[in-house]
Amino acid sequence: MNPPAAGPRNTDPLTTNTLTTNTLTIDTLTIAGRPFHSRLFVGTGKYRSFQEMARCHQASGAEVVTVAVRRVNLDKSAVHSGDSLIDYIDRGKIMLLPNTAACYTAEEAIRTARLGREVGLSNWVKLEVIGDERTLFPDNQGLVEATRVLAKEGFVVLPYTNDDLVNARRLIDAGAAAVMPLGAPIGSGLGIQNLTNLRIMREMISEVPLIVDAGVGTASDAAIAMELGFDGVLMNTAIAEAEDSVTMATAMNLAVQAGRHAFLAGRMPKKLYASASSPLAGVIR
């Protein structure tokens, strides 16, 4: 995106810009009519303990946490044991986003989303239809099919997809409330691998929010995603597998905020040669 001529700005029609020169208030992200102040979405897997997970959620400032439906006890009649990961999520402050992780067909993903809603998790769903077991790349055809069915059934669908503009548009046409392209393979920590594709998606799509999902490894990766103009970043492994997960959660929180502010501010033009910081005009001779 081209930088502005001067001053802070917001070119994203999906958000309300509250950034001014006198405050660091983050502008609001709205998905399906619901506002969020934090643009960092985090997960619940791979933590050393549920207690550590809870501390990371707090440090991240996230208002949305993904939960694999397959990891939740779906038996309503079961005696509550007190050791479920759900017990360690502050649902007064955090919205659950069930996901269909490990589903390899549209039918399986649809059924899993329905189960999550039936047991009261949410009618929102991070939709995953995996097409390859080793890379965990999505099955585009299955993803579009599942999005169409679930959207018609009243789900707020946030599909995890590849960095493909054409498929993103198909998902939007199918009823996706947001599109979540990968930055790199799930859990790889490689960071943003295809800046060009993501830039194209950001410039060509304004109907729904775009959230980078998968591949983030450290805070600079999150900042880059936000500087590209993406509306949010979703991550799990980068925090859970850090040597100090709570400190990394804090870093990710700050990185997402910094990247967003940098995008709104508009970076200076890149130049091949030097340009003096102190102008010569008006100097004493």
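Source: prediction; values computed, not measured.

## Topic: the overall build of the chain
Assigned secondary structure in the chain consists of eight helices and eleven strands. The proportion of buried residues among the 285 residues of the chain is 49%. Accessible surface computed for the chain: about 14100 Å², of which carbon and sulfur atoms make up 52%.

## Focus on the packing of aromatic side chains
Tallying each qualifying case throughout the model produces three aromatic pairs. Between Phe36 and Phe41 the ring centres are 6.3 Å apart and the planes differ by 55°, which places this aromatic pair in the tilted class. Residue Phe36 is classed as buried on the basis of its relative accessible area of 2%. Each ring, one from Phe36 and one from Trp124, has its centre 6.0 Å from the other, and the planes form 85°; the classification is edge-to-face. Linking Phe36 in strand β3 (residues 34-36) with Trp124 in strand β7 (residues 124-127), this pair joins segments that are 88 residues apart in sequence.

## Structural notes on the pairing of strand β2 (residues 28-31)
Examined bridge by bridge, β2 and β3 share three bridges and lie antiparallel to one another. The residue of β3 that forms the bridge with Thr30 is Pro35. Adjacent in sequence and paired antiparallel, β2 and β3 are bridged by two residues, among which Ala32 carries a positive phi angle near 50°.

## Some details on the nonpolar core
Counting 47 residues, the largest nonpolar core has Ile89, Met201, Ile205, Met235, Ile239 and Met252 as the members making the most contacts within it. In contact with Met252, not counting residues within four places along its chain, are Leu40, Val216, Gly217, Thr218, Ala219, Ala222, Met235, Ala238 and Ile239. Counting residues in each nonpolar core, the second largest holds 17 residues, with Ile110, Val125, Val157 and Leu171 among its members.

## Remarks on the environment of Leu171
Take Leu171: it is sitting in helix α4 (residues 165-174). Looking at Leu171, the relative accessible area reads 0%, which means it is buried. For Leu171 and Pro159, which are twelve residues apart along the polypeptide, the C-alpha to C-alpha distance reads 7.7 Å. When residues no more than four places from it in sequence are discounted, the contact partners of Leu171 are Leu143, Val144, Thr147, Pro159, Thr161 and Ala176.

## Quick notes on helix α5 (residues 195-204)
Regarding α5, the residues found buried are Leu198, Met201 and Arg202. The buried residues of α5 all sit within an arc of 95° when viewed along its axis, so they share a single face. Looking at the packing, one finds that the buried side of α5 touches α4, β9 (180-181) and β10 (211-213).

## With respect to the side chain of Thr100
Counting through the fold element by element, Thr100 comes out in the loop between β6 (95-99) and α2 (106-118). Discounting chain neighbours no more than four positions away, the residues touching Thr100 are Ala109, Thr112, Ala113, Val125, Lys126, Leu127 and Glu128.

## Looking at the pattern of salt bridges
Tallied over the full model, the rule gives nine salt bridges. Among the ionic pairs, Arg202 bridges to Asp231, the shortest N-O distance being 2.7 Å. Of this pair, Arg202 sits in helix α5 while Asp231 sits in the loop between α6 (219-227) and β11 (232-235), placing them 29 residues apart in sequence. By the burial criterion, Arg202 is buried, and Asp231 matches it. Members of the salt-bridge network, linked through shared partners, are Asp27, Arg39 and Arg260.

## Observations regarding the packing of helix α1 (residues 50-60) against helix α8 (residues 245-265)
Closest axis-to-axis distance for the α1/α8 pair is 7 Å, and the angle between their directions is 20°. The pairing of α1 with α8 is recorded here as roughly parallel in orientation. As α1 runs across α8, the sense of the crossing is right-handed. Packed against α1, whose contacting residues are Glu52, Arg55, Cys56, Ala59 and Ser60, the element α8 presents Ser245, Val246, Ala249, Thr250 and Asn253 at the interface. Its residues assigned to classes, the contact of α1 with α8 comprises four nonpolar, four polar and two charged.

## A closer look at unusual backbone geometry
Located in the positive-phi region is Lys46, a residue other than glycine, with phi close to 75°. Assignment of secondary structure puts Lys46 in the loop between β4 (40-42) and α1.

## So, the packing of α4 against α5
Two numbers describe a pair of packed helices, the interaxial angle and the distance between the axes. Here α4 crosses α5 at 40°, and the two axes come no closer than 10 Å. With respect to α5, the axis of α4 lies oblique. As α4 packs across α5, the resulting crossing turns out to be right-handed. Residues Leu165, Ala168 and Arg169 of α4 form the contact with α5, whose participating residues are Ile200, Met201 and Met204. Its residues placed into classes, the contact of α4 with α5 shows five nonpolar, no polar and one charged.

Calculation notes
Residues numbered from 1 in each chain as written. Predicted model: local features only at pLDDT ≥ 70, side-chain atom pairs only at ≥ 80, totals over all residues. Heavy atoms only, no water. Helix = DSSP H or I, 4+ residues; strand = E, 2+ residues; numbered from the N terminus. Buried < 20%, exposed > 50% of the residue type's maximum accessible area, 1.4 Å probe, protein only. Areas by Shrake-Rupley, 256 points an atom, 1.4 Å probe, with all protein chains shown as cover. Phe/Tyr/Trp six-rings, centres within 6.5 Å; stacked < 30°, edge-to-face > 60°. Pairing = 2+ DSSP bridges. Core = buried A, V, L, I, M, F, W, Y, C linked by side-chain atoms within 4.5 Å. Contact = heavy atoms within 4.5 Å. Arc of directions from axis to C-beta. Salt bridge = Lys/Arg side-chain N within 4 Å of Asp/Glu carboxyl O. Axes fitted to C-alpha atoms, helices over the stretch in contact; angles between N-to-C directions. Parallel < 35°, antiparallel > 145°, perpendicular 65-115°, else oblique. Left-handed = near helix turned anticlockwise from the far one by under 90°. Nonpolar A, V, L, I, M, F, W, Y, C, P; charged D, E, K, R; others polar.

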